[in-house]
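Report on the structure
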Amino acid sequence: MIQSIAWRNIWRSPLRSGIIIAAISVGMAAGMFSATFTKGWMNQRLEAGIETEASHIRIQAPLFDENYDLKEYIPDTESLITSLSSIDHVNGVSPHLVIQSMIASAETGTGVKIVGIDATAEKSVTNLYSKLGEGKYLEGIKRNPIVIGRNLAKKLKVKLRSKVVITVQDADGNITGGAFRVSGIFDITNGMYEEGNVFVRKEDLARLVNMKSSTTHEILVHLDDTELIDEMAIQLKSQYPELKVQSWKESMPELGYINEIGNLYTYIFVIIILLALGFGIVNTMMMVILERIKEIGMLMAVGMSKLRVFSMLMLETVMLTLTGGVLGILIGLWATYLTMENGIDLSMYSEGLENFGYSPMVYPVLEMESIIVIILLVIATGIIASIYPARKALKYNPADAIRTD
Amino acid sequence: MNIIEIKELHKIYDESEVKVHAVNNISLNFEKGEFAAIVGPSGSGKTTLLNMLGGLDKPTDGNILIDNTNLHKLRSSELIRFRMMNIGFVFQAYNLIPVLTAKENVEFIMHLQNKNKKEREERTMSLLKAVGLEGRENSRPSKLSGGQQQRVAVARALASKPKFVLADEPTANLDSKSTEQLLSIMEELNKQEHITFIFSTHDQRVVNKARRVITIEDGKVISDIRKDVESDSK
Ligand SMILES: Nc1ncnc2c1ncn2[C@@H]1O[C@H](COP(=O)(O)OP(=O)(O)OP(=O)(O)O)[C@@H](O)[C@H]1O
Ligand SMILES: [Mg+2]
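Parameters and conventions
Residues numbered from 1 in each chain as written. Chains lettered and ligands numbered in written order. Predicted model: local features only at pLDDT ≥ 70, side-chain atom pairs only at ≥ 80, totals over all residues. Heavy atoms only, no water. Pairing = 2+ DSSP bridges. Helix = DSSP H or I, 4+ residues; strand = E, 2+ residues; numbered from the N terminus. Contact = heavy atoms within 4.5 Å. Axes fitted to C-alpha atoms, helices over the stretch in contact; angles between N-to-C directions. Near = heavy atom within 4 Å. Polar contact = N/O pair within 3.5 Å; in protein donor to acceptor, adjacent residues only side chain to side chain. Areas by Shrake-Rupley, 256 points an atom, 1.4 Å probe, with all protein chains shown as cover. Salt bridge = Lys/Arg side-chain N within 4 Å of Asp/Glu carboxyl O. Phe/Tyr/Trp six-rings, centres within 6.5 Å; stacked < 30°, edge-to-face > 60°. Buried < 20%, exposed > 50% of the residue type's maximum accessible area, 1.4 Å probe, protein only. Right-handed = clockwise from strand over helix to strand, strands pointing away. Domains from an automatic or database assignment. Patch = residues over 30% accessible without salt bridge, like charges linked within 9 Å, V, L, I, M, F, W, Y side chains within 5 Å. Core = buried A, V, L, I, M, F, W, Y, C linked by side-chain atoms within 4.5 Å. Parallel < 35°, antiparallel > 145°, perpendicular 65-115°, else oblique. Left-handed = near helix turned anticlockwise from the far one by under 90°. Nonpolar A, V, L, I, M, F, W, Y, C, P; charged D, E, K, R; others polar.

Residue and element names in this part refer to chain B. Ordered by their spatial adjacency, 4 strands build an open sheet running β2-β1-β4-β5, and the pairing between neighbours is antiparallel. Where the open sheet ends on each side, the last strands, each with one partner, are β2 (20-31) and β5 (69-70). Note: strand β1 (residues 2-13) against strand β4 (residues 61-66), 5 bridges, orientation antiparallel. Its bridge partner being in β4, Glu5 is matched across the sheet by Leu65. Set on the sheet, helix α1 (residues 46-53) makes contact with β1, β2 and β4; between it and β1 the angle comes to about 125 degrees.

Structural data, given as structure tokens:
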């Protein structure tokens, strides 16, 4: 009965309630859409980061990534690869020879991480091969092909088939160099990755630094189900305690935070909107209570306890807020639905974004969690906003409330 | 047997500069089944007395015993519960919850008392019938006349089966025909349910219906007359 009184009370002044409900729904529509938009954006970044750059699990010699020492390679790579490949759900294994080096064109030079790969194996762990804007993936050039990123190509002012020179320290500590020709240029949304990573054939690189072509510093492992990554990483860790096994979350921790940062951003945004709306709600409820002093006095006179009066007013506030909140969430979901398929093109505003790996096309993504969190925040706002007005109502003693003219 | 004993009751309002001795040493007893009017000029202290009797206001001095419970010794939460269980109220206006229908308004206190649905419905329908509002049970107060609203209020006051009903100028806003109707309904219910009615009024026609008339002036009882000559019934 109290619920039904509270609900009907909202509609006693439809205009006043309508205005505050409209304000809440606009705010929450913005909040909801911002949630799905951010989610979509972050997911794209995450997926690009994992599928194009990090793959699922990385295995290294334990000290390798501390100083990129050439000699910190994984012993007995071949049998390791064989046994990794035979594990259930593993659908790709690719060994890398990794060296920090200098790359120079006729114009200029810069430092890069040079990764020696086997093109076929690499295609099973990353999709970089599908991101080539020009040329081919270590094909079409007979001697020393190299694949570089678009940004690096711009920086070095080189084109397809241009010559670049790689300078490295070989296994014996001598400085050595070799000429490579650009066979392909990849375009991904992460400009820093484009600038800092180049790919050559593993045997070409091994020859350059005087090592066996089977030498491997790290192995990337790809699974057929992303849900299993953490579990598999744990399993491999215990299976190969002498090696450093890391899931993508550990090998690229900045990717792991993306989701949390995205959520945090959304919730802070929603909380700020609700805070502003909260003042409007308090104001509305103060007006409501002033108008109903006599009625509230009568309710207390005939036997409604303070607690019940308080909860009735709180319920009314929460219902009012929630009506606006749910309406807003629906509008936000509708906006998400409209843009989910075709995406939103931010390229007009997003000069710098691509350098950090964010695509200018955003496809909003809906997650149940954000709906639930927003609803809980809306309810909390209703509860908090009702406390002050409802307490005010309890200050009157029923005789005075009835007498007031 | 007395169900209400008022002993040396005082109420002094001293919030403003002038002290008002609104109730000045009133002692009164009421028995079960009385139909009593409190009359007196405006400002004589009728509302103040009824509010203290209903536990809505605290006396400055003196005691009110209801079936041997000292009303103002109760803690405020106990007092609210005591009111809900024992006292029916009819005010001059603002009696009803505007968003509830006549039927829901009558049921309201029984809801607070956690009475079951069957009991609520039966009692509500029989009371609405008794106050002549059969067929209007689903109307909201705004769709009822002033007289009909007061009749709903009387039904609501009786719904919880209180020990007595307090009505502060229940007919002040009514025309003479509605006043007449409301009074006969109250009289009828008083006889049928044997419930004590205590009401204040300015209206001589209402006074004439009462079987006991207490006149107060300046917060003091100046006369208390029982008209026990009820030759028609019994
Ligand atoms: N809250 C209050 N504060 C101060 N004085 C008050 C208060 N309520 C009532 N009074 C005073 O107490 C006296 C008695 O008032 P009360 O309302 O009880 O009279 P009443 O007999 O009910 O009058 P009416 O017939 O006009 O309703 C009046 O002088 C009134 O001004
Ligand atoms: Mg009065």
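What follows deals with the site of ligand 1. The environment of ligand 1 is made up of 15 residues, and the closest members are B:Ser42, B:Gly43, B:Lys46, B:Thr47 and B:Thr48. Lying at an intersection of chains, ligand 1 is approached by residues of chains A and B. Residue B:Ser44 places a main-chain N or O atom 3.3 Å away from an oxygen atom belonging to ligand 1. A distance of 3.2 Å separates an oxygen atom of ligand 1 from a polar atom in the side chain of B:Glu169. With the chains in place, 70% of the 640 Å² that ligand 1 exposes on its own is no longer accessible.

Right, let's talk about the sheet that holds strand β7 (residues 164-168) of chain B for a bit. Residue and element names in this part refer to chain B. The 6 strands lie next to each other as β6-β7-β8-β3-β9-β10, forming an open sheet whose pairing is mixed. Whereas interior strands pair on both sides, the edge strands pair on one side only; in this sheet they are β6 (87-90) and β10 (220-226). Shown here is a sheet whose adjacent strand axes are inclined to one another by a mean of 15 degrees, direction ignored. Sheet topology places strand β3 (residues 35-39) next to strand β8 (residues 196-201); 5 bridges connect them, and they run parallel. Following the sheet pairing, Phe35 is matched in β8 by Phe197. Each of β6 and β7 is contacted by helix α2 (residues 76-86), which is oriented at about 80 degrees to β6, the strand it contacts most.

Turning our attention to the interface of chain B and chain A. On the side of chain A, 22 residues touch chain B, which itself brings 27 residues to the contact. Remark: the boundary between chain B and chain A carries 1 salt bridge. A salt bridge links B:Glu104 to A:Arg8, with the nearest nitrogen and oxygen atoms 2.8 Å apart. Run the count over chain B and chain A and you get 4 residue pairs in polar contact (both at pLDDT 80 or more).

Right, let's get into unusual backbone geometry. Residue and element names in this part refer to chain B. Located in the positive-phi region is Glu8, a residue other than glycine, with phi close to 45 degrees. Assignment of secondary structure puts Glu8 in strand β1. Phi is positive for Asn68, which is not a glycine, with a value near 70 degrees. Counting through the fold element by element, Asn68 comes out in the loop between β4 and β5.

Attention now goes to the packing of aromatic side chains. Residues and elements named next belong to chain A. On inspection of all chains with the given rule, the structure shows 11 aromatic pairs over all chains. Look at Phe64 and Tyr68: their rings are 5.1 Å apart centre to centre, the planes differ by 80 degrees, and that puts the pair in the edge-to-face class. Residue classification places Phe64 among the buried residues on the basis of a relative accessible area of 0%. Aromatic pair Phe186 and Tyr193: ring centres 6.4 Å apart, planes at 55 degrees, arrangement tilted. By relative accessible area, which is 0% here, Phe186 ends up buried.

Looking now at the pairing of β8(B). Note on strand geometry: in a regular strand, side chains alternate between the two faces of the sheet. Residues and elements named next belong to chain B. Of all 6 residues that make up β8, 6 are buried, and the element is covered over most of its length. Residues of β8 alternate between two faces, with Thr196, Ile198 and Ser200 on one and Phe197, Phe199 and Thr201 on the opposite face, all of them buried. With 5 bridges joining them, β7 and β8 adopt parallel strand pairing. Looking at the pairing, Phe164 lines up with Thr196 of β8. In this region the chain leaves β7, passes through helix α6 (residues 176-193) and returns to the parallel neighbour β8; the handedness of that crossover is right-handed.

Let us now look at the pattern of salt bridges. Residues and elements named next belong to chain A. Counted by the stated rule, this structure contains 32 salt bridges over all chains. Across the salt bridge formed by Lys244 and Asp65, the nearest N and O atoms sit 3.1 Å from each other. Separated by 179 residues along the polypeptide, Lys244 in strand β10 (residues 244-247) and Asp65 in helix α3 (residues 64-67) bring together distant segments of the chain. Asp65 sits in the partly exposed class, given a relative accessible area of 22%.

Per the domain assignment, the segments of chain A are domain 1 (2-49 + 256-402) and domain 2 (62-242). Summarising the inter-unit geometry, the C-alpha centres of domain 1 of chain A and domain 2 of chain A are found 49 Å apart.

Our focus in this paragraph is a nonpolar patch on the surface. On the surface, a cluster of nonpolar side chains totalling about 650 Å² of accessible area is made up of A:Leu327, A:Ile331, A:Trp334, A:Tyr337, A:Leu338 and A:Met340. One can find A:Leu338 in helix α13 (residues 306-340).

Before going further, it helps to spend a moment on the side chain of B:Asn51. On the secondary structure map, B:Asn51 appears in helix α1. Dropping the residues within four chain positions of it, B:Asn51 is found in contact with A:Ala399, A:Arg403, B:Leu56 and B:Asp57.

Core analysis: the biggest nonpolar cluster contains 56 residues, and B:Ile4, B:Leu53 and B:Phe108 have the highest contact counts within it. Per-element tally for this core: the top contributor is α13(A), with 6 residues. The contacts of B:Ile4, once residues within four sequence positions are left out, are B:Leu28, B:Asn29, B:Phe30, B:Leu53, B:Leu65, B:Ile66, B:Phe164 and B:Ile198.

Residues and elements named next belong to chain A. Interaxial distance between helix α1 (residues 2-10) and α13 falls to 9 Å at its minimum, and their mutual angle equals 50 degrees. By the angle class used here, α1 and α13 are oblique. When you trace α1 past α13, the crossing you get is right-handed. The residues of α13 that touch α1, namely those facing Ile2, Gln3, Ile5, Ala6, Trp7, Asn9 and Ile10, are Arg308, Met312, Leu315, Glu316, Met319, Leu320 and Thr323. When the residues that make up the contact of α1 with α13 are grouped by side-chain class, the tally is 9 nonpolar, 3 polar and 2 charged.

Once that is clear, we can look at the packing of helix α5 (residues 146-159) of chain B against α6(B). Residues and elements named next belong to chain B. Two elements in contact, α5 and α6, have axes separated by 9 Å at closest approach and are oriented at 15 degrees. Considering the angle they form, α5 stands roughly parallel to α6. When you trace α5 past α6, the crossing you get is right-handed. Across the interface between the two elements, Gly147, Gln150, Arg151, Val154 and Leu158 of α5 pack against Ser178, Gln181, Leu182, Ile185, Met186 and Leu189 of α6.

For helix α3 (residues 102-112) of chain B, the tally of buried residues reaches 10 of 11 residues, placing the bulk of the element in the interior. Residues of α3(B) that are buried: B:Ala102, B:Lys103, B:Glu104, B:Asn105, B:Val106, B:Glu107, B:Phe108, B:Ile109, B:Met110 and B:Leu112. Turning to α3(B), the residues buried within the fold contact α1, α12 (293-301) and α13 of chain A together with α2, α4 (117-130) and α5 of chain B. Phi turns positive, to about 60 degrees, at B:Asn114, one or two residues after α3(B).

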